Structures are given as C-alpha cells and as structure tokens.
Amino acid sequence: MRRAVVRGVGHYLPERVVPNSEFEKTLETTDEWIRGRTGIERRHFAAEGETTSDMAARACDIALTNAGLTANDIDAIVLATSTADLTFPSAATMVQAKIGMERGFAFDVQAVCAGFVYALTNANALIVSGQADRVLVIGAETFSRIMDWTDRTTCVLFGDGAGALVLEAQDGDGTPQDRGILATDLNSDGRYRDLLYVDGGVSTQTTGVLRMEGNQVFRHAVAKLAATAEAALSKAGLQAEDLDWIVPHQANIRIIQGTAKKMGLPMDKVVVTVQDHGNTSAASIPLAMSVAHANGQIKQGDLIVTEAIGGGLAWGAVALRW
Ligand code: UT7
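The structure presented is a predicted model; accordingly, all values stated were derived computationally and were not measured. (Residues numbered from 1 in each chain as written. Predicted model: local features only at pLDDT ≥ 70, side-chain atom pairs only at ≥ 80, totals over all residues. Heavy atoms only, no water.)

**Q** Would you mind showing me how to read the side chain of Thr-52 here?
**A** Examined against the element boundaries, Thr-52 turns out to sit in helix 3 (residues 52-67). Within the structure, the side chain of Thr-52 is placed 2.6 Å from the backbone oxygen of Thr-83, a separation counted as a polar contact. What Thr-52 contacts, discounting residues up to four positions off in sequence, is Thr-81, Thr-83, Asp-85, Ala-140, Glu-141 and Thr-142. (Helix = DSSP H or I, 4+ residues; strand = E, 2+ residues; numbered from the N terminus. Polar contact = N/O pair within 3.5 Å; in protein donor to acceptor, adjacent residues only side chain to side chain. Contact = heavy atoms within 4.5 Å.)

Structure follows, in structure tokens:
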C-alpha cells in the first residue's frame, strides 16, 4: 500500500519579534492578560514587503535540504493559506518559481486555521492515488495584514510565519505500524460563518479585517478538536493512548490543554509553540512540527495526531507515523 511519508521538514519565521508589552502602548491590554488567557508571549510579524510566498519559499528551501532533495525532485506543491500575496495566481505557483521548480503542479488550499490539515489530506490523496510521488505541503500566513489594530480582542492573538513538509510515497503494509499518513478526518459547517471571518474580499472590493467571537469559537474548539482527533485515530485502528505526540493548532494554550485533557493525555505529550509564535493560522502546525523535530521531541517512528479548527467553521485531524 502506498503511504505518504514525511521525508523533510522546515520552517521560517520573520525577523521581527513583537512581545506582548508592545500592545500595552496602544491598547487597553496587558502582558499578563494576554499570557494568562492565551499562553502567547510573543509573535513574529513579516517585514514591509515580505509576503506569504516569500516566507513559504524560505521554509521549502529548508525542508528540501532536510530531505536531501532539490526542487525538481518534487511533483506537486499544496499550500495552505488565507493570506496569499495576490488574488491570483496562487501563492503555491509563486513558491514554485521562487524555489526553482520547473515541473509538476502547484495550488493553494483555503481552510483558514484548519488549512494545513486540509492540505495534508489533499497531498495524501495525490500520493495514495499515484498522481504524485513527492509533494511539498506548506502552511504560510501573513495574518498581520488583516488585523484591526484597534481591536484588542483579536490583534494580540495572531502572528506570521511558514512551515513545510516534504511527503514522499513509500510502500507500507497497510497496518497502523506503517510510517506515513494513516488516516484523515475533515469537517466543516458553514452555518458558523459569523463566528470567525474577514469582513472583506475580492467580490466586495475591499481587503477587510479579521472579526472573531472568540469565546464562542473557544467553546466549539475543545469539543470538536478532541472528536476529530479521536475519529482520525479510530479510522487508523488506533487510540489516544497509542500516541507519542499531539501537534495541535496553536491558537490558545487553554484550548490545547482542554483538548489533551478530553483525550486523556498529559501535556508532556503535546507540542506547544503558541508562546513564541501566537496563532499563525495555517502555518501553526508545520511550524510546531518543524520546531519539535529540530529540538528532538518528534523522532522517526513516533505516532502523531495533528488537529485544527478555524473560520468556516472548518476543522479536522490527521493521524501519521513520522
Ligand atoms: O485559530 C482559529 C480559532 N481561534 C481560536 O481558537 C480562538 C478561540 N478563542 C480564544 O482563544 C479566546 O476566546 C480569546 C483569547 C479570544 C478570549 O479569551 P476569553 O477568555 O474567551 O475572553 P472573553 O472573550 O470572554 O473576554 C473576557 C474579557 C472581556 O471583558 P468583559 O466583557 O468581561 O469586561 C474582554 O473585553 O476580556 C476582555 N478582553 C481583553 N482584556 C485585555 C478581550 N481581549 C482583551 C485584551 N486585553 N487583549
């Protein structure tokens, strides 16, 4: 059975680091409130002129080096973002050119904070169906460009960055012991549109800014994330107790803790980067995977479930053995 196995990983964070204290100068907020309610201590913001595809290309270069491959060894790019450089072409095709990839195909996936889980699921389908042997799966965002800087309930939460995985077709036995993506679980419910959205877009000829009913999204998050993670594990013939790591979407430490608790797992099995990155939407999971791989937490053979929820609402999970 063909499996989509992780062969390389990398990430890029823009140079500018913004500590919580910077928001105290312009908003009625405190470092203490932001840390206490979200776990966020700092985030990175892209430099003027630095775009989503710029950051994505940097992450890809590192992931390719980590995989021992070059751009023309890749058959496809699947890039998750809600903050592409232009309305079209896709940020993925821009990345294709920036990394010097002169073959294959590239496209964007838009599922907001669940984007990377959706992108992984698409990339897995391309590999399992034989359409591609090697796929670069990217999450990259410049959410700093869609903030309302007068709204303390949203602008302190988000950050910019990019992460990438190289997935490669390898033969497995079709058992849960195989390396690679073992199962996926995607969900959305458009009736919750007003809980988290950008109040502009191409059709309205505005760019818009992010609007969120944070506490309502919070309520949905813990229940839906634990359920989707358990669904992905169950499809793979596994259970939460088999896991080495949860790599959750990094939105709020209290959501991360609540989900782990609901799944009956201790926090030492959870990768946490929200303190350093804030919520980077579709970039948060590959950023967390890359950091956890670099610091020796995630190792070959580890069983991982990754889960995310965001605007839509859209949510989902992927079970994989690294
Ligand atoms: O990644 C996509 C999915 N998004 C998420 O997962 C985000 C989910 N939501 C959250 O993480 C949390 O709901 C927030 C961090 C956004 C907010 O935390 P909360 O504990 O749900 O607070 P709240 O919205 O219920 O607000 C509590 C109070 C309010 O004041 P009053 O009405 O009680 O007087 C807010 O106005 O905190 C106030 N508040 C702030 N105070 C200081 C909201 N933002 C701030 C702030 N500084 N930055």
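**Q** Can you walk me through the site of the ligand in this structure?
**A** If you check the shell around the ligand, you find 23 residues, and the closest are Thr-29, Arg-37, His-249, Asn-252 and Asn-279. A distance of 3.3 Å separates an oxygen atom of the ligand from a polar side-chain atom of Asn-215. Between the ligand and the protein, one listed contact pairs an oxygen atom with a side-chain N or O atom of Asn-252 at 2.7 Å. A total of 960 Å² of accessible area belongs to the ligand in isolation, and the protein chains cover 74% of it. Contributing elements (two or more residues each) for the shell around the ligand: helix 2 (31-38), helix 6 (214-235) and helix 7 (253-262). Looking at which element gives the most residues to the shell around the ligand, the answer is helix 6, with four residues. Structurally, the shell around the ligand is a two-domain feature, drawing no fewer than three residues from each of domain 1 (2-171) and domain 2 (180-321). (Near = heavy atom within 4 Å. Areas by Shrake-Rupley, 256 points an atom, 1.4 Å probe, with all protein chains shown as cover. Domains from an automatic or database assignment.)

**Q** Would you mind going over helix 5 (residues 115-128) with me for this structure?
**A** Side chains of residues three or four places apart in an α-helix project in the same direction, reflecting 3.6 residues per turn. Its 14 residues give helix 5 an end-to-end C-alpha distance of 20 Å, which sits within 8% of 20 Å, the value for a rise of 1.5 Å per residue. Of all 14 residues in helix 5, eleven are buried, a share of seventy percent or more. In the stretch just after helix 5, Gly-130 is the one whose phi turns positive, near 90°. (Expected span 1.5 Å × (residues − 1). Buried < 20%, exposed > 50% of the residue type's maximum accessible area, 1.4 Å probe, protein only.)

**Q** Teacher, can you tell me more about the sheet that holds strand 12 (residues 303-310) here?
**A** Remark on secondary structure: sheet strands pair via backbone hydrogen bonds, oriented parallel or antiparallel. Reading across from one edge, 8-13-12-11 is the order of the four strands in this open sheet, with mixed pairing throughout. Of all strands in the sheet, those with a lone pairing partner are strand 8 (180-188) and strand 11 (245-248), marking the two edges. For this sheet the average axis-to-axis angle between neighbouring strands, irrespective of direction, equals 15°. Across eight bridges, strand 12 lies against strand 13 (residues 314-321) in antiparallel orientation. Bridge pairing in strand 13 links Glu-307 to Ala-317. Relative to the sheet, helix 6 contacts strand 8, strand 12 and strand 13, its axis offset from that of strand 12 by approximately 145°. (Pairing = 2+ DSSP bridges. Axes fitted to C-alpha atoms, helices over the stretch in contact; angles between N-to-C directions.)

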